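Listed below are the residues making up each chain.
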Amino acid sequence: MAEKAQKTSVFTWEGTNKKGAVIKGEMSGQTPALIKAQLRKQGINPTKVKKKAISLFGAGKKIKPMDIALFTRQMATMMKAGVPLLQAFDIISEGFENQNMRKLIDDVKQDVAAGNSFATSLRKRPLYFDDLYCNLVDAGEQSGALERLLDRVATYKEKTEALKAKIKKAMNYPIAVVLIAIIVSAILLIKVVPQFEEVFKSFGADLPAFTRLVISISEALQQWWLAVLISLVAAAFAFKEIHRRSEKFRDRVDQITLKVPIVGNILYKAVVARYARTLATTFAAGVPLVEALDSVAGATGNSVFRKAVNKVKADVSSGMQLNFSMRTTGIFPALAIQMTAIGEESGALDEMLDKVATFYETEVDNAVDGLTALLEPLIMAVLGVLVGGLIIAMYLPIFQLGSVI
């Protein structure tokens, strides 16, 4: 086994150039001595070289899927430019502010320098590199076309993460607004309504039914708000735990989400796009169709489609055409089936699946934009009902004050 490479770190340096001007910067290297040697080669007289301090915020920053996508894109670019693999790791690592991402890249580099293949090094870190990613990199190394496969993986990751981000953005906005509305309403019920209630007691007249209802809710919330809060947190925690531990529960949730009006349609198209994009990427990389379907089943992210893809895999293994098997599941849209059939007949399955993925990704984009436009007035209506209703309930007795007097 090859000797383990010395760990590369980022150093900050300060020195003077040939004109005597003070300059400073950052450079990756193994030791301060090597950094000084590199600087002298550039005509810089180093006066200070020290290891860069780890940022308090950067140290705990999580590695996101988009970080992996960016790493993959940069690796593909380096490979195309003919940069040696180990040197590419150093260059890419230096460009990341996220210290955890730098450490991940350096760890992969150490494994490769020790004699492991790139794919083997990635497989040791399944939290960041899934089977699909590792299999494609492995195929690239075996075929001698690593740069082409990395480019495909980078495109796949970028498009997949962009689609996820689009959906999350559409979901987060209304959820955030509704949560704020609920919090504001709770504050009004607990803190403001009791003040009005004291005033109403001096009226000496029956309060409107709507006002009595709001006061009853306020009194209950004042007494039980802590229990309600704990119950909601416990329910959310229980849902998360059951979802994590129970496969049947996850399957049921996946089935229900696909049937939710408007949102279910967007999620359905997103899953179809992910299916087509994953299958196109793996098949174009030279992975046999049956093995490619194995990767696709796990990448769909939905149990309904996972079961359908597993059935398709079994059918294709027995000699059935892909498009016919897709049709028998009753899950896939007609367009995806027809495009798959054309691809199989013409011998350009990967191209047709790529077009299917692009079409449904565009459909998701348009649907999300439409949903956002639809939700804005709907959210305003919800806010009006919640907050406006409370205000009206409190002022109704005041409007009727004249009749009491």
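Values in this document were obtained by computation on a predicted structure and should not be read as measured data.

**Notes on the overall build of the protein**
In step 1: A count of helical and extended segments in the protein gives 17 helices and three strands.
In step 2: Compactness check: the protein gives a C-alpha radius of gyration of 30 Å against a globular reference of 22 Å for 405 residues, more than 25% above the reference.
In step 3: Considering only C-alpha atoms, the protein reaches an extent of 95 × 70 × 35 Å along its principal axes.
In step 4: Counting all 405 residues of the protein, 39% fall into the buried class.
In step 5: For the protein, the share of sequence-separated contacts (at least 6 apart) that also reach a separation of at least 24 residues comes to 61%.
In step 6: If you sum the accessible surface of the protein, you get close to 22,600 Å²; carbon and sulfur atoms cover 61% of it.
In step 7: The average position of the 50 basic charges and that of the 39 acidic charges among the side chains of the protein differ by 6 Å.

**Let's talk about the confidence of the model for the protein**
In step 1: In this model, the protein carries an average pLDDT of 81, and 93% of its residues clear a pLDDT of 70 or more.
In step 2: For the stretch residues 1-5, pLDDT sits under 50, and the model shows eight contacts to residues farther than four places along the chain or on other chains.

**A closer look at the packing of helix α9 (residues 209-245) against helix α10 (residues 247-259)**
In step 1: Following both chains from N to C, one finds α9 and α10 inclined at 105 degrees, their axes separated by 5 Å at the closest point. When the interaxial angle is binned, α9 and α10 end up roughly perpendicular. In contact with Phe-239, Ile-242, His-243, Arg-244 and Arg-245 of α9, α10 contributes Glu-247, Phe-249, Arg-250 and Val-253.
In step 2: Grouping the amino acids of the contact of α9 with α10 by side-chain chemistry returns four nonpolar, one polar and four charged.

**A closer look at the pattern of salt bridges**
Pairing between side chains becomes possible if they bear opposite charge and their charged atoms approach one another.
In step 1: All told, the structure shown has 17 salt bridges when counted by the stated rule.
In step 2: Ionic pairing is found between Glu-241 and Arg-245, a salt bridge with its closest N-O pair at 3.1 Å. On the criterion of helical spacing, the pair formed by Glu-241 and Arg-245 is a turn pair, its members being four residues apart in helix α9.
In step 3: With a relative accessible area of 18%, Glu-241 lands in the buried category.
In step 4: Between Asp-251 and Lys-307 there is a salt bridge; the shortest N-O distance is 3.5 Å. With a gap of 56 residues between them, Asp-251 in helix α10 and Lys-307 in helix α13 (residues 303-317) connect regions that are remote in the sequence.
In step 5: Since its relative accessible area comes to 46%, Lys-307 is described here as partly exposed.

**Remarks on the side chain of Asp-315**
In step 1: Examined against the element boundaries, Asp-315 turns out to sit in helix α13.
In step 2: A polar side-chain atom of Asp-315 sits 2.9 Å from a polar atom in the side chain of Ser-325.
In step 3: Setting aside its immediate chain neighbours within four residues, Asp-315 contacts Met-320, Ser-325 and Thr-328.

**Remarks on the packing of aromatic side chains**
In step 1: Tallied over the full model, the rule gives eight aromatic pairs.
In step 2: Summarising the aromatic geometry, the rings of Tyr-268 and Phe-305 are spaced 5.6 Å apart at their centres and angled 50 degrees between planes, so their arrangement reads as tilted. Placement of the pair is Tyr-268 in helix α11 (residues 263-284) and Phe-305 in helix α13, with a sequence separation of 37 residues.
In step 3: Where Phe-359 meets Tyr-360, the ring centres are 5.0 Å apart and the plane angle is 85 degrees; that geometry is what we call edge-to-face.

**Section: the layout of surface pockets**
In step 1: When its volume is computed, the largest pocket comes out at roughly 710 Å³.
In step 2: As for the largest pocket, its lining consists of 22 residues, of which Lys-164, Asp-254, Leu-267, Arg-274 and Gly-301 are closest to the centre.
In step 3: Among the elements of the structure, α8 (146-200), α10, α11 and α12 (289-299) are those that each provide at least two residues to the lining of the largest pocket.
In step 4: For the lining of the largest pocket, the class distribution of residues is ten nonpolar, five polar and seven charged.
In step 5: Within this model, the second largest pocket holds a volume of roughly 560 Å³.

**Focus on α11**
In step 1: Under the 1.5 Å per step criterion, the end-to-end length of α11 is 31 Å for 22 residues, consistent within 8% with the ideal 32 Å.
In step 2: α11 sits mainly inside the fold: 17 of its 22 residues count as buried.
In step 3: Residue Gly-286 follows α11 closely and has a positive phi angle near 95 degrees.

What counts and what doesn't
Note that residues are indexed from 1 along each chain, following the sequence as it is written. Under the rules for a predicted model, residues below a pLDDT of 70 receive no local features and side-chain atom pairs below 80 are neither given nor counted, while totals for whole chains, interfaces and linings still include all residues. For side-chain calculations, the full set of non-hydrogen atoms in the structure is used, while hydrogens and water are omitted. Helical segments are the DSSP runs of H or I of at least four residues, strand segments are the runs of E of at least two, and each set is numbered from the N terminus. This radius of gyration counts C-alpha atoms alone. The globule rule is 2.2 Å times how many residues there are, raised to the power 0.38. Only protein chains enter the accessibility calculation, which uses a 1.4 Å probe; a residue whose area is less than 20% of its type maximum is buried, one above 50% is exposed, and one in between is partly exposed. Contact between two residues is taken to exist if any of their heavy atoms lie within 4.5 Å; hydrogens are not considered. Surface accessibility follows the Shrake-Rupley procedure with a 1.4 Å probe radius. Residue values consider only the protein chains on display as shielding. For the purpose of charge, His is not counted, nor are the chain termini; Lys and Arg are scored as positive and Asp and Glu as negative. A charge is said to be at NZ when it belongs to Lys, at CZ for Arg, at CG for Asp and at CD for Glu. For every residue, the predictor states its confidence as a pLDDT score lying anywhere from 0 to 100. The axes are straight lines fitted to the C-alpha atoms, using for helices just the contacting stretch, and the angles between their N-to-C directions are given from 0 to 180°. An angle below 35 degrees is treated as roughly parallel, one above 145 as roughly antiparallel, one from 65 to 115 as roughly perpendicular, and anything else as oblique. Three classes are used, and their members are as follows: Ala, Val, Leu, Ile, Met, Phe, Trp, Tyr, Cys and Pro are nonpolar, Asp, Glu, Lys and Arg are charged, and the others, Gly among them, are polar. Whenever Lys or Arg places a side-chain nitrogen within 4 Å of a carboxyl oxygen from Asp or Glu, that contact is recorded as a salt bridge. A 3.5 Å cut-off defines polar contacts: any pair of N or O atoms within that distance qualifies, except that in protein one atom must be a possible hydrogen donor and the other a possible acceptor, and neighbouring residues in sequence count only when both atoms are side-chain atoms. Two rings belonging to Phe, Tyr or Trp (six-membered ring only in the last case) form a pair when the distance between their centres is within 6.5 Å. Interplanar angles under 30 degrees mark stacking, angles over 60 mark edge-to-face geometry, and anything in between is tilted. Here a cavity denotes a set of grid points, spaced 1 Å apart and computed over the protein atoms alone, in which a 1.4 Å probe fits but from which it cannot get out, and a pocket denotes an open set meeting protein on both sides within 12 Å along at least five of seven lines; residues with an atom within 4 Å of a point are reported as lining. Grid points are joined across faces, edges and corners, and a volume is the space filled by probe spheres set on the points. Here the expected span of a helix is defined as 1.5 Å times the quantity of residues minus one.

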